[in-house]
Amino acid sequence: MEISKDARIKAMGAPGEEELALINRLTRRELGADEVYTFTLRLCDNDIDRDFERFDDSALDGLAPMFVGVPGVFDHQWSAKGQTARIYRTQVVGGDGALTADGRPCRYLKGWAYLMRTQENAALIAEIDGGIKREVSVGCAVEQVLCSVCGQPLDQCPHEKGEEYGGQVCCGVLTGAKDAYEWSFVAVPAQRRSGVIKSAGGRLEAEARLGRKYLKSLRRELVRTAGIAEPEAGHALLERVAGRLDEEELLGLIRLYRGRADKLPAPGVQLSYGEEAAPQEPADGAFLI
């Protein structure tokens, strides 16, 4: 059983004057301090998560302003009925000496959120105060996922997430913040300390992961068959070419090179034996007188 004592959500209660001013920038009318309930949450960080992915520092910095005004829902269900709270301030926090799993300075995106003190929200407020609702996960989009081993796009390189290469565990580095569209109360976040969902839902992410593995296998097969049919072509060149091709192009070239490889003459036997046996040397000849 995994137990974490690092609370993702910290109850604050009624906002101060400065906090209330930030909240009222998002409302249609001026709210009073007694009308809202505020809390802080750890949205996401730069540590390696359960999916062997991590945000780079520039992505965290880019996501910070994008999350201001973003609503909170439950389990990433995109429904207006599930909107419960809204983020009104964010800040990237770090510099306390904490390190990530691979030894980098740990940084995380902190958010301040509010919800209305209504009868409908009373139970949720009680659960936040009681530590029941504390795990969160974010929904966002990034420009690309790079391989931590070679720095190339993860879907175009030969490395696999979670595998070890030269003592380094491969992970996907999420770079280039594009959009932040929601955050959710969840039971088990992908990130161990906060959580992250990189797409519209877990099913879509799983399908995308399978698709990336399929393309990697096609690219490896093309490099193998092309290397047999065209041995003068360098391995590095074939890998670069394969990385730029889509499924249809890969399948077509694999069929082409398999056909060429099948027509190549079978390699000769390296050792052959004549009909006549070689003359037998006397045993221990050096010691005969």
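Overview of the structure.

1. Considerations on helix α3 (residues 122-129)
Because an α-helix packs 3.6 residues into every turn, residues spaced three or four apart end up facing the same way.
Here is step 1: Every buried residue of α3 is accounted for by L124, I125 and I128. Burial along α3 is one-sided: seen end-on, the buried residues are contained in an arc of 100°.
Here is step 2: The first or second residue beyond α3 is G131, which carries a positive phi of 80°.

2. Considering the nonpolar core
Here is step 1: Counting 29 residues, the largest nonpolar core has F39, L43, F55, L63, F67 and W183 as the members making the most contacts within it.
Here is step 2: Elements represented by at least two residues in this core include exactly β2 (36-45), α2 (57-66), β5 (85-99), β6 (105-116), α3, β7 (136-147) and β10 (172-185).
Here is step 3: Of all hydrophobic cores here, the second largest spans eleven residues; its members include L222, V223, A229 and A242.

3. Remarks on the packing of aromatic side chains
Here is step 1: Inspection of the entire model under this criterion finds three aromatic pairs.
Here is step 2: Judged by centre distance (6.3 Å) and plane angle (70°), the ring pair of F39 and W183 falls under edge-to-face. Residue F39 is located in strand β2, and its partner W183 is located in strand β10; the two are separated by 144 residues in the primary sequence.
Here is step 3: Relative to Y114, the ring of Y88 has its centre 6.2 Å away and its plane inclined at 55°; by these criteria the two rings are tilted. Of this pair, Y88 sits in strand β5 while Y114 is found in strand β6, placing the two residues 26 residues apart along the sequence.
Here is step 4: The class for Y88 is buried, based on a relative accessible area of 4%.
Here is step 5: By relative accessible area, which is 8% here, Y114 ends up buried.
Here is step 6: The rings of Y37, F39 and W183 are connected pair by pair, giving a single aromatic cluster.

The rules we used
- Residues numbered from 1 in each chain as written.
- Predicted model: local features only at pLDDT ≥ 70, side-chain atom pairs only at ≥ 80, totals over all residues.
- Heavy atoms only, no water.
- Buried < 20%, exposed > 50% of the residue type's maximum accessible area, 1.4 Å probe, protein only.
- Helix = DSSP H or I, 4+ residues; strand = E, 2+ residues; numbered from the N terminus.
- Arc of directions from axis to C-beta.
- Core = buried A, V, L, I, M, F, W, Y, C linked by side-chain atoms within 4.5 Å.
- Phe/Tyr/Trp six-rings, centres within 6.5 Å; stacked < 30°, edge-to-face > 60°.

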